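Below are the chains, spelled out letter by letter.
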Amino acid sequence: MDFKQAKENSEKNYNTLINKCWEDEAFKQELIDNPVQAIEKLSGKPFDTKGKKILVTDQTNSDTIHINIPVNPNDLELTEEQLEAIAGGGVNGEDGFNLFDSAICVYW
């Protein structure tokens, strides 16, 4: 799978995840309480967080303002796999979910 395909699949599957939360309150709560289990249940595939934490918050309440502070790009160190993907070498790994630093790439 090349980088463009991985990005398109990631966007499609991320939208599937969000739509499932909007449609199914129980799934949304499961995603908040146990994101790995919920993602694996939805995708039918294992999800390797690569040792990173997943924090899911419900931002559907319009009475609350959420601010997400992303990773500082100056502090970002890419792995060889990520550098290869950026350079056009494609995306390595099994079909499923992958995390690339602070962004979730969702593909199955």
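The rules behind these values
- Residues numbered from 1 in each chain as written.
- Predicted model: local features only at pLDDT ≥ 70, side-chain atom pairs only at ≥ 80, totals over all residues.
- Heavy atoms only, no water.
- Helix = DSSP H or I, 4+ residues; strand = E, 2+ residues; numbered from the N terminus.
- Buried < 20%, exposed > 50% of the residue type's maximum accessible area, 1.4 Å probe, protein only.
- Contact = heavy atoms within 4.5 Å.
- Phe/Tyr/Trp six-rings, centres within 6.5 Å; stacked < 30°, edge-to-face > 60°.
- Lys NZ or Arg CZ within 6 Å of the ring centre and 35° of its normal.
- Arc of directions from axis to C-beta.
- Patch = residues over 30% accessible without salt bridge, like charges linked within 9 Å, V, L, I, M, F, W, Y side chains within 5 Å.
- Areas by Shrake-Rupley, 256 points an atom, 1.4 Å probe, with all protein chains shown as cover.
- Salt bridge = Lys/Arg side-chain N within 4 Å of Asp/Glu carboxyl O.
- Axes fitted to C-alpha atoms, helices over the stretch in contact; angles between N-to-C directions.
- Parallel < 35°, antiparallel > 145°, perpendicular 65-115°, else oblique.
- Nonpolar A, V, L, I, M, F, W, Y, C, P; charged D, E, K, R; others polar.

Draft legend 1. Local environment of the overall build of the chain. What the chain contains, in helices and strands, is four helices and two strands. Element order for the chain, N to C, with α for helix and β for strand: α-α-α-α-β-β. Buried residues in the chain amount to 25% of all 108 residues. Taking the contacts inside the chain whose residues are at least 6 apart along the sequence as the reference set, 50% of them involve residues at least 24 apart.

Draft legend 2. Region of interest: the packing of aromatic side chains. Counting across every chain of the model gives zero aromatic pairs. Sitting over the face of the ring of phenylalanine 27, lysine 20 holds its NZ or CZ atom 5.8 Å from the ring centroid.

Draft legend 3. Spotlight on helix H3 (residues 35-43). Regarding H3, the residues found buried are Pro35, Ala38, Ile39 and Ser43. When H3 is viewed along its axis, its buried side chains cluster within an angular range of 120 degrees and face the same direction. A positive phi of about 75 degrees marks glycine 44, the residue just after H3.

Draft legend 4. Local environment of unusual backbone geometry. Positive phi, close to 55 degrees, is recorded for lysine 50, a residue that is not glycine. Structurally, lysine 50 is set in the loop between H3 and helix H4 (80-89).

Draft legend 5. Examining a nonpolar patch on the surface more closely. On the surface, Ile65, Ile67 and Ile69 cluster together to form a nonpolar patch covering roughly 440 Å² of accessible area. Tracing the backbone shows isoleucine 69 in the loop between H3 and H4.

Draft legend 6. Representation of the packing of helix H1 (residues 3-23) against helix H2 (residues 25-33) in the model. Where H1 meets H2, the axes come as close as 5 Å, and the angle between the chain directions of the two elements is 120 degrees. Regarding the angle of H1 to H2, the classification is oblique. Mapping the contact onto sequence places Leu17, Lys20, Cys21 and Glu23 in H1 and Glu25, Phe27, Lys28 and Leu31 in H2. When grouped by side-chain class, the residues that make up the contact of H1 with H2 number four nonpolar, no polar and four charged.

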